[in-house]
Amino acid sequence: MLNYIRKHQTATKAGLASVTGLTFMAIKKILEELEGLGLIRCEESDPKKPGGVGRRAVSYALNEGCRYTLGVHINKFVTSVGLMDLSGNVLYKRRRPMQQDLESQSSFVEQVLEDVAAVIAQAGADRGKILGIGVGVPGPVDTESGTVLTPPNIPVLRYLPLKEILEQRTGLPVYVQKDTNVIAFGEYWCGPSEDVCDLTYIDVDMGIGSGMVIGGMINEGANGMAGEFGHITIDPDGPLCNCGNRGCLEAMSSGIAVLREMERQLEQNASHPLYERRRELALEDIFCMVEKKDLLTISILNRSAFYMGVAVSNLINILDPQIIVLGGILIQRYPRYYSIVKDVAASRRLKGARETRMELSLLGENAGMVGAGEVVADHFFNEMVNEVFSKNGS
Ligand SMILES: [Zn+2]
């Protein structure tokens, strides 16, 4: 019942009865208990208001300010730390650019701890109401011990036992997950998907990754490898990928792939305005050329989007998720990328199959931080609340 209210923001007794199959009496008793614990609140709509139904409609909503979560999202370029309420509303956040010359793990950890303390202080949150810290970090990750393993793009984090250190230093429970998994979880709880329980998130950024929520739970896979979408093979003879294989989706469709292809093409194109900068290209140069309607740049981006569309159609054939959410810098900055992916995936679907629902990420840069907080909230709702209920003999 709590998860239903959490997902739908508000619920009526009738709504809860129909989804749970419980009697009105049972629903009433549980709602009273949840209200007694301060977890939900009762809202009465004014029947005289426009749209009122002529009688008082009673609904139940999460008492979102009764507890808080902390979310930390670490990526190659920036670390975001935020304090959220139980509905995933960001109360205060800090974003810190990743120092590329960061030498030691301890200085990185000190920065995270400093930001955690600052966010709690700035939000003026009661420390006793903070449930824990969720962390999203580039994979692979050992989620059980909460250790970062060997992220290819942030070598300084190798084998960092984040959970152990953060728990020791803050006294709060810490949950560590792969970054794309927490983004997917953020989109699942706080994105455009109120009525779904299966969601796949695809991150089209400098690298490519994905996260899958199945039946409301993060799908980590048996060895934490689920969702390594960037490393499915699109062309066995294609360009070399950072993982050592050839023709991975990441080597064909990511920001890195776009920059490499641009550099390769510029070598034979001395009259192009980016020729002089060809060895030091950044994605900003690419987006700048798109604005100038440069055909070479646009064709490289469109090709990259085409391969992504092919990969997404493969994903649909295996998983058939209720919704696919796309985010990441290429999606945000080059709107045509998304429409090409959608068109290509739709055109390759099996005859007679319905078109898979796709959406753009609305949470943007906050998705990972909010999702990391939702991992904490999820532990609270599914474990701690159950403990209280079983102690009460309900
Ligand atoms: Zn690869």
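Refer to the structure printed above.
Residues numbered from 1 in each chain as written. Predicted model: local features only at pLDDT ≥ 70, side-chain atom pairs only at ≥ 80, totals over all residues.

A.B. asks: Help me understand helix α5 (residues 162–170) in this model?
C.D. replies: Every α-helix carries 3.6 residues per turn, so stepping three or four residues along brings you back to the same face. Considered for burial, the residues of α5 that qualify are L162, K163 and L166. The arc that holds the buried residues of α5, viewed along the axis, is 90°, so those residues lie on one side. Buried residues in α5 make contact with β7 (130–137), β9 (147–148) and β10 (174–178). Of the residues flanking the end of α5, it is G171, one or two places downstream, whose phi is positive at about 75°. (Buried ≥ 20, exposed ≤ 12 C-beta atoms within 10 Å, placed from the backbone. Helix = DSSP H or I, 4+ residues; strand = E, 2+ residues; numbered from the N terminus. Arc of directions from axis to C-beta. Contact = placed C-beta atoms within 7 Å.)

A.B. asks: Even after reading the chapter, I still don't get the nonpolar core, so can you show me in this structure?
C.D. replies: Nonpolar side chains in soluble globular proteins generally cluster together in the buried interior. Formed by 93 residues in total, the largest nonpolar core has its most connected members in V135, Y337 and V341. Looking at this core element by element, the count peaks at nine residues for helix α10 (residues 295–319). (Core = buried A, V, L, I, M, F, W, Y, C linked by C-beta atoms within 7 Å.)

A.B. asks: What is the right way to look at the sheet that holds strand β12 (residues 208–214) in this model?
C.D. replies: For sheets, the rule is that strands pair by backbone hydrogen bonds, running either parallel or antiparallel. As summarised here, the arrangement of the five strands in space is β13-β12-β11-β14-β15, forming an open sheet in which the pairing is mixed. The open sheet has two free edges, formed respectively by β13 (217–218) and β15 (357–360), since each of these has just one partner strand. Where strand β14 (residues 323–327) and β15 come together, four bridges link them in parallel fashion. Directly across from I324, in β15, lies its bridge partner M358. (Pairing = 2+ DSSP bridges.)

A.B. asks: Please explain the pairing of strand β6 (residues 90–97) as it appears in this structure.
C.D. replies: Within a regular strand, the side chains alternate between the two sheet faces. In this structure, strand β5 (residues 78–85) lies alongside β6, joined through seven bridges in antiparallel fashion. Bridging from a neighbouring strand, V78 pairs with P97 of β6. Following β5, the chain reverses through four residues before pairing antiparallel with β6; G88 in that reversal takes a positive phi of roughly 85°.

A.B. asks: It is not clear to me how the pairing of strand β4 (residues 68–74) should be interpreted in this structure. Could you clarify?
C.D. replies: With seven of its seven residues buried, β4 lies for the most part within the structure. The two faces of β4 match: Y68, L70, V72 and I74 on one face and T69, G71 and H73 on the other face are all buried. Note: β4 against β5, seven bridges, orientation antiparallel. By the bridge assignment for β5, I74 is matched with T79. Counted between consecutive antiparallel strands, the loop separating β4 from β5 contains three residues. Bridge count for β4 against β7 is five bridges, and the pairing is parallel. Note that in β7 the partner of G71 across the bridge is G134.

A.B. asks: I keep staring at the packing of helix α2 (residues 13–20) against helix α3 (residues 24–36) and nothing clicks. Help me out?
C.D. replies: Geometry of a packed helix pair, given as the angle between the helix axes and the separation of the axes. In the contact formed by α2 and α3, the axes pass within 10 Å of each other and the chain directions differ by 115°. With respect to α3, the element α2 is oriented roughly perpendicular. Along this stretch, α2 crosses α3, giving a crossing that reads as right-handed. Facing K13, L16 and A17 of α2, the residues of α3 in contact are F24, I27 and K28. (Axes fitted to C-alpha atoms, helices over the stretch in contact; angles between N-to-C directions. Parallel < 35°, antiparallel > 145°, perpendicular 65-115°, else oblique. Left-handed = near helix turned anticlockwise from the far one by under 90°.)

A.B. asks: Explain the packing of helix α9 (residues 283–291) against α10 here, please?
C.D. replies: Two elements in contact, α9 and α10, have axes whose closest approach is 8 Å; the angle formed by their N-to-C orientations is 115°. Classified by the angle their axes make, α9 and α10 are roughly perpendicular. For the crossing formed where α9 meets α10, the hand is left-handed. Between α9, through I286, M289 and V290, and α10, the contact on the second element is made entirely by T297, I298 and L301. Taken together, the residues of the contact of α9 with α10 break down into five nonpolar, one polar and no charged. (Nonpolar A, V, L, I, M, F, W, Y, C, P; charged D, E, K, R; others polar.)

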